[in-house]
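Fold and geometry: a report
Single-letter residue listing:
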Amino acid sequence: MLCLAGAAPAQAAPAPASDGVRLAATPPMGWNDWAHYQCGVTEATVTANADALVSTGLAAKGYSTVTVDDCWMAPARDAHGDLVADPVKFPHGMAWLGGYLHARGLKFGIYEDAGSATCEGYPGSGSPQGGGPDHFARDAAAYAAWGVDYLKLDGCNLYVAPGRGKEEAYRQAYEAQATALRATGRAIVFSVSAPAYFQHGEWGDSAWFDVLAWSGTVGQLWREGRDITTWDPARPDASRWAGVLNNYGYNRWLGRYASPGHWNDPDFLIAGAGGLTDDESRSQVALWAMQAAPLILSSDVGHLTAAARAALGNPALIAVDQDRLGRQAGVVATDGATDVLARPLAGGDRAVAVLNRGPAARTVTVRLADLGLPGCSATARDLWTGRASATGDALTATVPAHGTAIWRLTPHPGCARTLPTGQLTGNGATCATATGTAVTLHTCTATPDQRWTLNPDHTYRTLGHCLTAPASPDAPAALSPCTGAPAQSWTATPDGTLVNAASGRCLEAPAGATADGTLLDTGACGHFLPQQVWSVPN
Ligand code: GLA
């Protein structure tokens, strides 16, 4: 599958208006019990948290879909084959719970699984192991009858018939569920977990990229990878920061899949509960907002830390997350110590964030030119303090350990058009790097030789020179004076490839290499080859 994007060199065009836009024009927001309560969830837990969303004002700010995760069911279906709520944990049943939530202006989300059983072993909607009829239509009808507004369909225990591929089996199961949801006539947001069952490492492989691509044709959001660290009451203060960084880490390269109605889901917000400092909680909210991630809180809402409650309810951060342009932040620069992200917003503003991964506060200065605003100054609103100031040609902030600075920039009149600027990140999450007249892969260092601009003429430039495709497939790509030749014109596709206008070939790391010094070349465009996938600035 290779669809060329239109005029914009930076990113894929959004998918056409569809179910996705109708159901989730902006990233879904709400609450889910899993990361805090796991199988300890009960009706009382859900109603208490729902009430707390209302009383804290978070519901009115958008956190309004309340989802019951795994372990809500009785261990077996009833004699008709229908799902049954656990009579002890959910004594009033699921229709009652839906009514409770709706009466408070909330929406009702529920969890099921596309396999034979949920991850915790309760009845799944998919075919039994060994084959046989699935329950997708029956279960969808039950959700509609219960007033369900949102379904999270997990992917444990999915039966793969002999001779069939795993990916085909997942696709068929998730498509069957999407069809069944549509057939109910009820508007039900569909959260797809399929990609999480194909993730290997941060950069990923062909199957993962392929599943990510079709997930957006099936549902409105998808879990791409591993679970965020859950809260363990036996070790209530055990750090969960590494979990936040891990999920942020794999999500940051996937911006090409995000657009209105189609959202990467790096998993729950766990801000405000044990395991994160105040600065770490704030960072998670800021990073998720930059990435247009669903904001689905999974902490005890009645006992959030004050810092997290303020961050979660910060209207300026929510506005960045929910920006109607729906573009996920691109990575401007990473060097292992700090990450700089930039995100275009509707109306021409830009959101910028700086994550400090280090154990001590750090003062960071970022030039506006490096954020896509060359020759420009702007009004920068610090989204933590709300204070606005004029930037000059750079932003400076002292960022606490594990903290994130975040601003909304409004370019001053007379600024030139924004120029997507930042890393060209490829195989193994390494950086395309200017190396004399060649372009190599290298560990990312946030240095100018890794800072690329995507220009209106479809050129990719660094250090004043243009990325140039070789005339023959085996030769390396070059960094040459810009001439306007087709060999210097590249189109970013929704698949993540960069296709050269002269040769029709794709920029790649030959033989799937990731080592420092690997010379880039071009090859016949393949099917979601990880060595041909690029994460481009936004
Ligand atoms: C998987 C999901 C989690 C949660 C559990 C429930 O691990 O990724 O979010 O739903 O299953 O068992």
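Please read all numbers here as calculations on a predicted model, not as lab measurements.

Quick look at the sheet that holds strand S9 (residues 330-334) now. The strand order across the open sheet built from six strands is S9-S10-S11-S16-S13-S14, with neighbouring strands paired in antiparallel fashion. Lying at the two open borders of the sheet, with one neighbouring strand each, are S9 and strand S14 (388-390). Strand after strand, the sheet turns through a mean of 25° between neighbouring axes, direction not considered. Bridge analysis of strand S11 (residues 350-356) against strand S16 (residues 404-411) gives six bridges, and the strand direction is antiparallel. Each bridged residue has a counterpart across the sheet, and for Val354 the counterpart in S16 is Ala405.

A few words on the environment of Gln532. Locating Gln532 in the fold gives a position in the segment after strand S28 (521-523). Residue class for Gln532 comes out buried when judged on its relative accessible area of 0%. Separated by 33 residues in sequence, Gln532 and Val499 have C-alpha atoms that sit 9.5 Å apart. Apart from the residues within four sequence positions on either side, Gln532 is in contact with Gly496, Thr497, Leu498, Cys506, Leu507, Glu508, Gly523, Ala524, Cys525 and Gly526. There is a polar contact of 2.9 Å between the side chain of Gln532 and the backbone oxygen of Ala524.

Now for the packing of helix H6 (residues 166-184) against helix H7 (residues 206-218). One can describe the packing of H6 onto H7 by two numbers: an axis separation of 10 Å at closest approach and a directional angle of 10°. When the axis of H6 is compared with that of H7, the two are roughly parallel. Only Ala207, Asp210, Val211, Trp214, Thr217 and Val218 of H7 make contact with H6, whose side of the interface consists of Glu167, Tyr170, Arg171, Tyr174, Glu175 and Ala178. Of the residues in the contact of H6 with H7, the class split is seven nonpolar, one polar and four charged.

Using the residue numbers shown here, the UniProt feature "domain: Ricin B lectin" (unreviewed entry) corresponds to residues 420-537. Across residues 420-537, helical content stands at 0% and strand content at 34%; the span's end C-alpha atoms are separated by 5 Å.

Right, let's get into the state of the cysteines. For the structure on display, the rule yields six disulfides. Sulfur-sulfur distance for the disulfide between Cys376 and Cys415 comes to 1.8 Å. Of note, the bridge from Cys376 to Cys415 carries an S-S torsion of about 80° and is right-handed in sense. Of this pair, Cys376 sits in the loop between strand S12 (362-367) and strand S13 (378-382) while Cys415 sits in the loop between S16 and strand S17 (421-422), and the two are 39 residues apart along the sequence. By relative accessible area, Cys415 is classed as partly exposed at 22%. When the bonded cysteines of the chain are counted from the start of the sequence, the pairing works out to 1-2, 3-4, 5-6, 7-8, 9-10, 11-12.

Ranked by internal contacts, the top residues of the largest apolar core, which has 111 residues, are Trp72, Met94, Trp146 and Tyr174. The leading source of residues in this core is H6, at seven residues. Lining this core are residues from two domains, each supplying at least three of them: domain 1 (20-321) and domain 2 (330-411).

So, about the site of the ligand. Inspection of the region around the ligand gives Trp34, Asp69, Asp70, Tyr111, Cys119, Glu120, Lys152, Asp154, Arg223 and Asp227 as its neighbouring residues. Contact distances for the ligand include 2.7 Å between an oxygen atom and a side-chain N or O atom of Lys152. Within the contact set of the ligand, an oxygen atom lies 2.8 Å away from a side-chain nitrogen or oxygen of Asp154. Protein coverage of the free-state accessible area of the ligand, which is 310 Å², stands at 91%. Along the lines of polarity and charge, the residues of the shell around the ligand split into three nonpolar, no polar and seven charged.

Cut-offs applied
- Residues numbered from 1 in each chain as written.
- Predicted model: local features only at pLDDT ≥ 70, side-chain atom pairs only at ≥ 80, totals over all residues.
- Heavy atoms only, no water.
- Pairing = 2+ DSSP bridges.
- Helix = DSSP H or I, 4+ residues; strand = E, 2+ residues; numbered from the N terminus.
- Axes fitted to C-alpha atoms, helices over the stretch in contact; angles between N-to-C directions.
- Buried < 20%, exposed > 50% of the residue type's maximum accessible area, 1.4 Å probe, protein only.
- Contact = heavy atoms within 4.5 Å.
- Polar contact = N/O pair within 3.5 Å; in protein donor to acceptor, adjacent residues only side chain to side chain.
- Parallel < 35°, antiparallel > 145°, perpendicular 65-115°, else oblique.
- Nonpolar A, V, L, I, M, F, W, Y, C, P; charged D, E, K, R; others polar.
- UniProt positions renumbered as here; feature names shortened; annotations may be inferred.
- Disulfide = S-S within 2.5 Å.
- Core = buried A, V, L, I, M, F, W, Y, C linked by side-chain atoms within 4.5 Å.
- Domains from an automatic or database assignment.
- Near = heavy atom within 4 Å.
- Areas by Shrake-Rupley, 256 points an atom, 1.4 Å probe, with all protein chains shown as cover.

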